[in-house]
Amino acid sequence: MQTAATPLLTERGQDRLSVVFLLVLTLLLTRSFWLDPFAAPAPTVDPDALQQLSFSFSIVDAVTRHGEVPLWNPYFGGGVPWAGFHYNPGLSLITPFHLLFGELVGVKLLIWTALFLGALGCHFTLRRSLDLAPLPSCLAGAVHAAAFWMPTRMRGGGHDEIVLLLVPLAVFLFHELVRGRWLGLLLPLLYSAAFAQAKFTAFLFAFIALLSWFALRPPGQPTWPGRQRAAWVVAAWALSFGAGVFLSMGKLLPLLDLVSRDLVDQQTYGPRGFSSVRQLVRFMAHSTPPETNLPFGIGLHASLAFLALLLRPRIAFPAAAIALVAALFALGPNSPIPLYLLTKDLPVFSMMTSYGKYWNSTLLFGLCVLVGIAYAAIQRLAAARGGPRLAAALCCVLFAGLIVSPALTSTRIYDGLFPEPEVATDHSEPFHHVAIASFWGLADRYRFHHADLPPLNQYYYLKRGVGMITWYGNLVFAEHAVPRLWISDAGEVSPNGAYRGEVSCSTGSCTGRLAGLSYNEIQLEVDVEEPASTVVVNFNHDDRWQTTAGRVIADEGRLALSDLPVGRHEVVLRFRDPLFLVGLALAGATLLGWFGAGPSLLRRLRSGAAEVRGTG
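Everything quoted here is computed from the prediction, not taken from an experiment.

Here the focus is unusual backbone geometry. With glycine set apart, most residues show a phi of negative sign, and most peptide bonds adopt trans. Positive phi outside glycine occurs at Ala-532, with the angle close to 65°. Relative to the elements of secondary structure, Ala-532 occurs in the loop between strand 10 (521–528) and strand 11 (534–540). Ala-532 sits in the exposed class, given a relative accessible area of 65%.

The pairing of strands in a sheet comes from backbone hydrogen bonds and takes either a parallel or an antiparallel form. One open sheet accounts for four strands, arranged 9-10-15-12; its pairing is antiparallel. With one partner strand each, in any of the chains shown, strand 9 (510–517) and strand 12 (545–547) form the two edges of the open sheet. Averaged over all adjacent pairs, the angle separating strand axes in this sheet is 25°, with direction ignored. Pairing analysis gives seven bridges linking strand 9 to strand 10, with the strands arranged antiparallel. Considered in strand 10, the bridge of Cys-510 is made with Val-528.

Looking now at helix 16 (residues 355–415). If you check helix 16, its first and last C-alpha atoms are just 28 Å apart, much less than what 61 residues at 1.5 Å a residue would give, namely 90 Å. Largest kink in helix 16: about 140°, centred on Gly-386, with the proline Pro-388 one to four residues after it.

The next point concerns the pairing of strand 15 (residues 567–575). Sheet analysis places strand 10 next to strand 15, joined by eight bridges and oriented antiparallel. For Glu-521, the partnering residue across the bridge sits in strand 15 and is Arg-574. In the sheet, strand 12 pairs with strand 15 via three bridges, with the strands oriented antiparallel. Its bridge partner lying in strand 15, Thr-547 is registered against Leu-573.

The next thing to look at is the pattern of salt bridges. Per the stated rule, a full pass over the model turns up 15 salt bridges. The salt bridge partner of Arg-31 is Asp-415, with a shortest N-O separation of 3.0 Å. You can see Arg-31 sitting in helix 2 (residues 31–35) and its partner Asp-415 sitting in helix 16, a full 384 residues away along the chain. On the basis of relative accessible area, Arg-31 is assigned to the partly exposed category, the value being 41%. Classification of Asp-415 as partly exposed rests on a relative accessible area of 25%. Salt-bridge contacts for Arg-544 lead to Asp-257; the nearest nitrogen and oxygen are separated by 3.2 Å. With Arg-544 in the loop between strand 11 and strand 12 and Asp-257 in helix 11 (residues 249–260), this pair connects stretches of sequence that are 287 residues apart. Judged on exposure class, the residue Arg-544 and its partner Asp-257 are both buried.

Definitions and cut-offs
Residues numbered from 1 in each chain as written. Predicted model: local features only at pLDDT ≥ 70, side-chain atom pairs only at ≥ 80, totals over all residues. Heavy atoms only, no water. Helix = DSSP H or I, 4+ residues; strand = E, 2+ residues; numbered from the N terminus. Buried < 20%, exposed > 50% of the residue type's maximum accessible area, 1.4 Å probe, protein only. Pairing = 2+ DSSP bridges. Axes fitted to C-alpha atoms, helices over the stretch in contact; angles between N-to-C directions. Expected span 1.5 Å × (residues − 1). Bend = angle between axes of the 7 residues up to and from the residue. Salt bridge = Lys/Arg side-chain N within 4 Å of Asp/Glu carboxyl O.

In structure tokens:
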């Protein structure tokens, strides 16, 4: 009597092997990170695009050297409220990476972690939502990790877009939450990470997750029937998203306060997207040489996606619908259906004007799902008609065709990101501001850098304890601090005649100097020679500064002190932001409430679902 052949690995074993494979693949893709972990980014990539590392340096330096959380950052624009500025990493899941490993190693670990978790999210979405076999699901995860999208964003300086890789993980966690599984309780943490990196994709994650639950649920395997299931899906979306918002309150409250107090100019260039579908496709396949990567980087994947619609329309069509919605969003105002209007006028989300980069990642996720569906169908057809050997051979050829070319190209791009040695720290020079004379106007100081200027960037100046005025985002702070130096378009450095030092006197007679400077504190030594003298500090004014002597006032937008008696004074200015503390309290209460009540609620939901299935 013959018995059925026992597979070498159970499905659980194949899942474990898939996780190991994705782990090794992502490590190989980022191998240059680990060859020299302390190599700084190349300034030739985009010197102005290292803003994210600058803010990462700020929190590392503030905590390790000063024992402070940098609420006020003196290294940007004469001093801005760091906790509220939209490009800082915030106090979130991202912060420990930088505090434990430093800004350089930390950002590399973040990139790798996002690649790996994004691939795992893609793999387990297909495994648990579509009930596909481990091998096709693993391939979908591998395609997501090896795709060109993230390395090309990184090459343009998009270090702060790491969180966009986690779209598949957000969808998977949402599915787990709806099914009453404890892993889904992590979803609000992912939303808060999106807010912390100034990528307001938590809103988009929630929309994608809500849509994908209805689209990707296993056919014939309902957890709750009809309206009960729909109501729970909507409730889970609202609760998890709301919890993610409240977990981000330490960042959002100061940011909303900045906007409401008109401390920033909301400079918007209008919604931007891709001008055509062709441009969108070329971006997803963008790299060199295009003659190779266009067919292998996107063409073969698109062909399999189309094949998935033919072979498995019941489960492939919803995934294609998600990809289509993402593409319509990515086209922005050039879309035949202007979906971008859904987020255009929402508070805070209105700052998101570059729809292409936000929705490309969603389109990539939809494409990976379709590739996994097609791969599973081809594997099943080949095994049925030609036996396991033909199926294995065909699958190996397809696997190599889908992975090898994108992986090699992505690896070359990552190799070029961090080739330079770290700039040595030097705090011997005094703090001053550097700006480009022809771009001194507020409207023009958005994001510019001339190729013929010397390779000096924010990160370089920060490592030397020197500030540099330049902005990278849709919020532009009104600058009142006076720069010490000008840099012309030709790269010539000249003194600024209007610069009167970091401490000066606008009325009366006084002298002073900076005796100490940290992120929340300024120490001054001031000699007041006449009554009613006004001491001006070369930072932007904010009424949340507190002083140990005199009274804080504004002098032409700069921080100033009045009511100092005649004589010599040692004055300490400290920045305190009550909204930041309120936000942290709200975040802490939300964290305790979510993880305190969440497990009990999920147990009740699972028991209720079991009763529904038992009576059905």
